[in-house]
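The lines below spell out each chain.
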Amino acid sequence: MHEEQIRLNPRIEAESEDTFLQGVKDCIPTLLGYWSIGFAAGVIEQTAGLSVAEIALLSLLLYAGSAQFIAAGMIASSPPSVIVITIFFVNLRHLLLSAALSPYLRHLSPLRNMGIGALLTDETFGVAMNKALVQPRLSERWMHGLNVAAYLNWLFANLAGAYLGRWITDPERFGLDYALPAMFIGLLVLMTVSRKQVAMDSAVAVLAALIAIAVSLSLGGSWGVIAATVTASAIGVVIERWKR
Amino acid sequence: METLTIRWDVLLIILGAAVVTFIPRVLPLMLLSRIELPHWAVRWLHYVPIAVMAALIGQALFVREDPWTLENHIEWLAAIPTFLIAIRTRSLLWTVIAGVAAVMLLRGSLALLPG
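Rules used throughout
Residues numbered from 1 in each chain as written. Chains lettered and ligands numbered in written order. Predicted model: local features only at pLDDT ≥ 70, side-chain atom pairs only at ≥ 80, totals over all residues. Heavy atoms only, no water. Phe/Tyr/Trp six-rings, centres within 6.5 Å; stacked < 30°, edge-to-face > 60°. Helix = DSSP H or I, 4+ residues; strand = E, 2+ residues; numbered from the N terminus. Buried < 20%, exposed > 50% of the residue type's maximum accessible area, 1.4 Å probe, protein only. Core = buried A, V, L, I, M, F, W, Y, C linked by side-chain atoms within 4.5 Å. Contact = heavy atoms within 4.5 Å. Buried area = accessible area lost by both parts, 1.4 Å probe. Salt bridge = Lys/Arg side-chain N within 4 Å of Asp/Glu carboxyl O. Polar contact = N/O pair within 3.5 Å; in protein donor to acceptor, adjacent residues only side chain to side chain. Nonpolar A, V, L, I, M, F, W, Y, C, P; charged D, E, K, R; others polar.

A. Region of interest: the packing of aromatic side chains. Evaluated as defined, the whole model comprises 3 aromatic pairs over all chains. Ring centres of A:Tyr63 and A:Tyr151 lie 4.9 Å apart, and the angle between their planes is 85°; on these two criteria the pair is classed as edge-to-face. Of this pair, A:Tyr63 sits in the loop between helix H3 (52–62) and helix H4 (65–74) while A:Tyr151 is found in helix H9 (residues 140–164), placing the two residues 88 residues apart along the sequence. Of the two residues examined, A:Tyr63 and A:Tyr151, each falls in the buried class. Note on B:Phe62 and B:Trp76: the rings are 6.3 Å apart at their centroids and 20° apart in plane angle, and the pair reads as stacked. Here B:Phe62, found in helix H2 (residues 39–62), pairs with B:Trp76, found in helix H3 (residues 74–89); they are 14 residues apart in sequence, far enough to count as distant.

B. Looking closely at the nonpolar core. Within the largest apolar cluster, 77 residues are counted, with the highest numbers of intra-cluster contacts made by A:Leu101, A:Leu105, A:Phe125, A:Leu138, A:Met143, A:Tyr178 and B:Met53. Broken down by element, this core gets its largest block of residues, 14 residues, from H2(B). In terms of nonpolar packing, the next biggest core, distinct from the first, is built from 18 residues, A:Leu50, A:Ala162, B:Ile14 and B:Ala17 among them.

C. Spatial organisation of the interface of chain A and chain B. In this assembly, 95 residues from chain A lie in contact with 72 residues from chain B. For the pairing of chain A and chain B, the buried interface totals around 7400 Å² over both sides, and the portion due to carbon and sulfur atoms is 75%. Taken together, the connections running from chain A to chain B amount to 2 salt bridges. The residue A:Glu54 makes a salt bridge to B:Arg7 at a minimum N-O spacing of 2.7 Å. Viewed at the interface, chain B and chain A are joined by 20 residue pairs in polar contact (both at pLDDT 80 or more). No other element matches helix H10 (residues 179–195) of chain A, which puts 15 residues into the side of chain A that touches chain B. Among the residues making up the side of chain A that touches chain B, the classes are represented as 61 nonpolar, 23 polar and 11 charged.

Just geometry here; none of it tells us what the structure is for.
Next up, the structure:
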């Protein structure tokens, strides 16, 4: 108990260092992921018949990896309404990410929170939650640095894929498609290790993965992640109460 | 396709998708920053990041529409060294490099197998 308090305390003054530039720096470990996934997305969007301008708009306005892959895959065969509804469900998980982040940004006005939330992604969320482990609130400048760095690199990667995609016929041969799951693995491990409740976190994680697989296989992909997150987190809370 | 062409139906899809993505991103942050959450909700939110990452991993590694061949399932094989490197190095960058390299090597060596 004492040891834990000693380890947690020295970080209180850390907030003063949380500049825009520090946010940009803290984004760097995720950049390889953004580049490879964004590049792959650009290649696939280009193959689906989208123009460079359309690809730029897609990454600037939608700014969501899995949704952009889905849009590219459906654009030739599905009506706009079906594409938009599918993307709505795929991106509904942001509700949970946004809610989980909110306790650390309570010191900001709703409008300022909107500015931060508009550029929320799985990766920036992971980086921000890692930071939130050691401090009670996140700095706005730091969040903007993290978000803008990710946003611009994503656009850059999409455009690179759109231009160079004509010459790359097989991005999977280089394992590029695996950058996304690998990054999720990294974020999960980093969070679990630093939260110091490995047993409970691992139990919730295994449960969430199993539910996601089961629901996705039976009902289709878009619901799996949402159902798994809601249920596994709730079971985590129930087990917590039990043990006390 | 002209580089700068933007078709109306594509623009409609992009705008619609952008709106339905924007709302869940910002709404909880805007509302929950104003109200105090009950204890159970805070505990629940505490598990959300772990659960959502694990769910995304589970789906990415195990949900496949393709038939069950070794080639379609190297993703979860590659997850083993990826997890080990993540635990060992505690670095996001090395984890991504390890994962991509593992998949590339596995696919490469599978392509060398006869038949």
